[in-house]
Amino acid sequence: MPQTLPPVERPGSVRVENGGGLLRIRLTGAVDAVLAPRLDAVVSSVVAAQPIDVRFDLTEVDFLGSHGMAFLVRVQHAARAAGCVATVEAVSRHARVALHIAGLEHYLNVS
């Protein structure tokens, strides 16, 4: 009987692009506890940037753990407190399933 191997997860990364009032946050790979310190630094930069809109790109996320979901919620809180909108505009199948199971699709404005 052939054995099915689990998918290989890439190390996670986060990239922030800021321009014209739009803050775009691209997450890739495994967004988990290993990436948590970097994610915490990004939350602070979101508050400091005072953007008009925040957009998440999760198209290359292989795994979205609880640290990743908590990060998305913290950025959403920071964006709302600053009077702007945060939206998940692109999402991988893996991330969509995780957000659905956690009940965060509507709260995070997943398109």
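What you see is a predicted model; the values in this text were computed from it and never measured.

Parameters at a glance
Residues numbered from 1 in each chain as written. Predicted model: local features only at pLDDT ≥ 70, side-chain atom pairs only at ≥ 80, totals over all residues. Heavy atoms only, no water. Axes fitted to C-alpha atoms, helices over the stretch in contact; angles between N-to-C directions. Helix = DSSP H or I, 4+ residues; strand = E, 2+ residues; numbered from the N terminus. Parallel < 35°, antiparallel > 145°, perpendicular 65-115°, else oblique. Contact = heavy atoms within 4.5 Å. Nonpolar A, V, L, I, M, F, W, Y, C, P; charged D, E, K, R; others polar. Core = buried A, V, L, I, M, F, W, Y, C linked by side-chain atoms within 4.5 Å. Buried < 20%, exposed > 50% of the residue type's maximum accessible area, 1.4 Å probe, protein only. Salt bridge = Lys/Arg side-chain N within 4 Å of Asp/Glu carboxyl O. Pairing = 2+ DSSP bridges.

Participant: Hey, could you go over the packing of helix 1 (residues 36–49) against helix 2 (residues 66–81) for me, with residue numbers and the actual values?
Facilitator: Relative placement of two packed helices is described by the angle separating their axes and the distance separating the axes. Where helix 1 meets helix 2, the axes come as close as 10 Å, and the angle between the chain directions of the two elements is 10 degrees. Between helix 1 and helix 2, the crossing angle belongs to the class labelled roughly parallel. In this structure, helix 1 contributes Ala-36, Leu-39, Asp-40, Val-42, Val-43, Val-46 and Val-47 to the contact, and helix 2 contributes His-67, Gly-68, Phe-71, Arg-74, Val-75 and Ala-78. Counted by class, the contact of helix 1 with helix 2 contains nine nonpolar, two polar and two charged residues.

Participant: Mind laying out the nonpolar core, listing which residues take part and the relevant values?
Facilitator: Ile-25, Leu-27, Val-54, Phe-56, Leu-58, Phe-71 and Leu-99 are the most contacted members of the largest nonpolar core, which totals 32 residues. When residues of this core are traced back to their parent elements, those giving at least two are strand 2 (22–31), helix 1, strand 3 (53–64), helix 2, strand 4 (85–91) and helix 3 (93–102). Once residues within four sequence positions are removed from consideration, Phe-56 is found in contact with Ile-25, Phe-71, Leu-72, Val-75, Ala-86, Thr-87, Val-88, Glu-89 and Ala-90.

Participant: Go over the pattern of salt bridges, please, and point to the residues and values.
Facilitator: All chains considered together, the criterion is met by nine salt bridges. Residue Glu-89 is joined to Arg-55 by a salt bridge in which the shortest nitrogen-to-oxygen separation is 3.6 Å. Here Glu-89 is found in strand 4, whereas its partner Arg-55 is found in strand 3, with 34 residues between them in sequence. Because the salt bridges share partners, they merge into one network encompassing Arg-15, Glu-17, Arg-26 and Asp-57.

Participant: Got a sec to walk through the environment of Ile-52? Specific residues and values, please.
Facilitator: Assignment of secondary structure puts Ile-52 in the loop between helix 1 and strand 3. For the pair Ile-52 and Leu-27, spaced 25 residues apart in the sequence, the C-alpha separation amounts to 20 Å. Residues in contact with Ile-52, not counting those within four places in the same chain, are Gly-21, Cys-84 and Val-85.

Participant: With reference to specific residues and values, describe the sheet that holds strand 2.
Facilitator: Spatially, the four strands line up as an open sheet ordered 1-2-3-4, and their pairing is mixed. Looking at the sheet topology across the chains shown, the edges are occupied by strand 1 (13–19) and strand 4. Neighbour to neighbour, the strand axes of the sheet diverge by 20 degrees on average, direction disregarded. Its contacts with the sheet put helix 1 on strand 1, strand 2 and strand 3, and the angle it makes with strand 2 is roughly 175 degrees. Each of strand 3 and strand 4 touches helix 3; the most contacted strand, strand 3, lies at about 105 degrees to it.

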